[in-house]
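As a plain string of letters, each chain reads:
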Amino acid sequence: MKDKIVIYQVLPRLFGNRNETLIESGTIAENGCGKFSAFDDKTLKEFHDMGITHVWYTGVIRHATQTDYSAYGIPKQHPEIVKGKAGSPYAITDYYDVDPDLADKISERMAEWEQLIERTHMAGMKVVLDFVPNHVAREYRSVCKPTGVRDLGEDDDTALHFSPRNDFYYCWGESLDLGAIASGTSYEETPAKATGNDHFDAHPGINDWYETVKLNYGVDYCNTDGRSYHFDPIPSTWRKMTDILLFWAAKGIDAFRCDMAEMVPVEFWNYATNKVRKRFPHILFIGEVYNTSLYRTYIANGFDYLYDKVGMYDCMRGVISGMRGAHEITREWQATDDIHEHMLYFLENHDEQRIASDFFASAGRKAIPAAAIAILLRTNPFMLYSGQEFGEKGMDCEGFSGRDGRTSIFDYWSVSTLRRAFTDKKLLSDEEKILVEAYRRLLRIAHREAAIYDGEFFDLTYANPSRQDFNPDREYAFLRKKDDVIVLVVANFAEHDKTSDIIIPAHAFDFWKIPEANFVARELLSGKLTTFALRRDASVRVVVPAYGCGIFKFNLKMKDYVFNEHHKDEFPPAHTAEHLLNRLMMQMFGCERSRNAHIERKKSKMSYTLERKPTRQEEKEIERRMNELIEQDLPVTYELVDRAHVPEGIDLDRLPDDVSEMLRLVRIGDFDICPCLGRHVRSTAQIGRFELLGTNWDEMKHTFRIRFKVVQ
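Note on numbering: residues in each chain are counted from 1, in written sequence order. This being a predicted model, a pLDDT of at least 70 is required before a residue's local features are given, and a value of 80 or more before pairs of side-chain atoms are given or counted; all residues contribute to the totals for chains, interfaces and linings. With hydrogens and water excluded, all non-hydrogen atoms of the structure serve as input to the side-chain values.

### Quick notes on the sheet that holds strand β29 (residues 703-711)
The condition is simple: Here the rule is simple: two strands pair whenever DSSP picks up at least two bridges between them. Only DSSP runs of H or I covering at least 4 residues are called helices, and only runs of E covering at least 2 are called strands; the numbering of each starts at the N terminus. In this analysis an axis means a line fitted to C-alpha atoms, helices contributing only their contacting stretch, and an angle means the value between N-to-C directions, from 0 to 180 degrees.
In space, the four strands of this open sheet follow the order β23-β24-β29-β28, with antiparallel pairing throughout. Looking at which strands have only one partner, the edges of the open sheet turn out to be β23 (596-598) and β28 (689-698). Between one strand axis and the next, the sheet turns by 20 degrees as a mean value, whatever way the strands run. Pairing of strand β24 (residues 604-609) with β29 involves six bridges; the strand directions are antiparallel.

Spelled out as structure tokens, the structure:
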């Protein structure tokens, strides 16, 4: 089955660091550092339950740092060519090694990384690794390369500015001059190597990537007649870098995120991706390409996905900030419509300012409508940057990066939102909890709704010009469809709730053969039902919250269906706990759901037919596991189905004979699903604490009765 790819970008150095006592430009001893082991089974399960399919572990390959690991045979780096105390993850010092900062036991760092790969796979997700092909650290030297591998630059003729046989570019006998960066520097490099951002003289400036050197793929950038290409015979750099890809692929990597891919000739990518896929057909290549005119070229030469930074990201940022109109989103998807499945949408990454920063939107909630569009618009992948889901501000002054609205990649630091979220969620603010729940619900919809992950798309912008009941500067609407199911998505970038009339044009009716009729639609985020009177070139009225979205799902075969009346007035926390307890008892004892339940605010009772009386230890385990489920903060969602399309495994025998044709199914995460018309909380954390008050066992009837309450 096709699935929506959702990548979670995380910097292990920051993610697992629980240190709360931090100093600006602190060392690893002062500020601490996250480890591979922080990604334990529980944490990875949380990623997976959030809707993550791929984890991009940023900064794994060993890079330049000011921390001294020479006692472990790792060359020490000169501090003047290291950005920050921790160093840039993109100044690689050994392509065949992993960052010792991230290991509990430095001598076993590769084994610890391999164990994390395995844990990630066991959690049902895939692993993305950075591949940095354009440049390396100035003091690059591999001490972990396999036997027989020639190191980068080892065979270079340093007397030549350019040679197709060299791995680096050299500056004709000049020494490196870092005077523009800091006076009185003591680092020496003769001859100077060209700097990583295509700076080909010996005098890089403070804004250059002065800590890196450019790799030579057979392109002479300084030829008197302009750029010239020397690809026959195959340059040694091509073979060396392809061997590095194969080395990591053999470790179990599922995808490579290729840094600054467009600064490396496309001919290399064609060569390398073909070589890798011959041995590892499943490997994905994700490219960082900013020149939109080159998108199709890089896709044609081996890339599965490309960052849509200059297009969709820049547009979304403008809309969120109020600098651009939401209707401009249409122009951006149209620009890549023929390759839309290859576009990777995102709203944050390590290079960009945090949405909640003072430099961007000041609050993470303002990006929810943009997130809904990025996730639900098409079938292409979406990337979430760790901390984005909690509204991380990135306003710390960590050291080298300064207070710039970005989370530092150069410093030893701890991110407050991640620290609290993955130690004790009770420490999160109400705003942070609401935000992460919004992302969780959007991602679950993307995975569960076939119309989203595998459906057709219809933009409604052209049919909804500016008018009193629709503002195309602050609203955006589109349709998705799979078979008989249609989903209407309406995003509201305004700071106030909006009642909007969305016109569905006649062309949509003709294109998808939509009948003119009344349909019952369910809003997937709230579970509320509404009736749509669909008519050609007429509008449907929807209400969308401020900085929010409405996601309305209806089935073309379900017209004017109604539910049976529901006469109970349950206490939602206890009623939700009833669902959890039913599934838990089924798992623990192989029984059916309770047939005799009295759910009340102060005290509730439920009875189960069991083969034997549970032990006292099992009773305690029931209470423990219930509270464990509650603390997982599982989302409670709803979906409508007709009786002919009820998912396998759901028992309908207990429904009344006169039950309506349409059923409402209640899901609690991936833990439980059953038909129910009652009221529930939005997520299990809202249940409170589950307290088992007592039990009774009827030996004659083999009935086990549980008395419990929930404490808010």
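Moving on from the coordinates now.
### Some thoughts on helix α16 (residues 616-631)
So the rule is basically this: Residue count minus one, scaled by 1.5 Å, sets the expected span of a helix. When a residue's accessible area, from a 1.4 Å probe over protein chains only, is under 20% of the maximum for its type it is buried; when over 50% it is exposed; and in between it is partly exposed. Pairs of residues are marked as contacts when any of their non-hydrogen atoms sit within 4.5 Å.
Spanning 16 residues, α16 covers 23 Å between terminal C-alpha atoms, matching the ideal 22 Å at 1.5 Å per step. When we look at burial in α16, the residues that qualify are Glu 618, Glu 619, Ile 622, Met 626, Asn 627, Leu 629 and Ile 630. Residues of α16 that are buried in the fold lie against α15 (572-589), β28 and β29. With its phi angle positive at about 55 degrees, Asp 633 sits one or two positions after the end of α16.

### Brief notes about the packing of aromatic side chains
The following threshold applies: Each Phe, Tyr or Trp ring (for Trp, its six-membered ring) is paired with any other whose centre lies within 6.5 Å, and the angle between the two planes then decides the class: stacked below 30 degrees, edge-to-face above 60, tilted in between. Criterion for a charge above a ring: Arg CZ or Lys NZ at most 6 Å from the ring centre, at most 35 degrees from the ring normal.
Scanning the entire structure with this criterion turns up 45 aromatic pairs. Between the aromatic rings of Phe 458 and Tyr 462, the centroid separation amounts to 6.4 Å while the plane-to-plane angle is 50 degrees, which identifies the pairing as tilted. A relative accessible area of 55% places Tyr 462 in the exposed class. Here the guanidinium or amino end of Lys 193 rests over the ring plane of Phe 168, the centre of that ring lying 5.8 Å away. Over the face of the ring belonging to Phe 360 we find Arg 317, whose NZ or CZ atom lies 4.2 Å from the ring centre.

### Comments concerning the sheet that holds strand β25 (residues 636-642)
As summarised here, the arrangement of the three strands in space is β25-β26-β27, forming an open sheet in which the pairing is antiparallel. Across the chains shown, the open sheet's two edge strands, defined by having one partner strand only, are β25 and β27 (672-675). Between one strand axis and the next, the sheet turns through 25 degrees on average, direction left out of account. Here four bridges tie strand β26 (residues 662-668) to β27, and the two strands are oriented antiparallel to one another. Directly across from Val 666, in β27, lies its bridge partner Cys 674.

### So, the state of the cysteines
Using the following cut-off: Only a pair of cysteine sulfur atoms within 2.5 Å qualifies as a disulfide here.
Applying the stated criterion to the full structure yields zero disulfides. Free cysteine Cys 144: the closest other cysteine sulfur is in Cys 33, separated by 18 Å.

### A few points about the packing of helix α10 (residues 368-376) against helix α12 (residues 430-448)
To keep things clear, this is the line we draw: Roughly parallel here means an angle under 35 degrees, roughly antiparallel means over 145, roughly perpendicular means 65 to 115, and every remaining angle is called oblique. Should the near helix be turned counterclockwise from the far one by less than a right angle, the crossing is left-handed, whereas a clockwise turn marks it as right-handed. Polar here means any residue other than Ala, Val, Leu, Ile, Met, Phe, Trp, Tyr, Cys and Pro, which are nonpolar, and Asp, Glu, Lys and Arg, which are charged; Gly is therefore polar.
Packing of α10 against α12 leaves a shortest axis separation of 10 Å and a crossing angle of 20 degrees. Judged by the inter-axis angle, α10 sits roughly parallel to α12. Read as a crossing pair, α10 and α12 show a hand that is right-handed. Across the interface between the two elements, Ile 368, Ala 371, Ala 372, Ile 375 and Leu 376 of α10 pack against Leu 435, Ala 438, Tyr 439, Leu 442, Leu 443, Ile 445 and Ala 446 of α12. Of the residues belonging to the contact of α10 with α12, the class tally is 12 nonpolar, no polar and no charged.

That is the geometry; function is a separate question.
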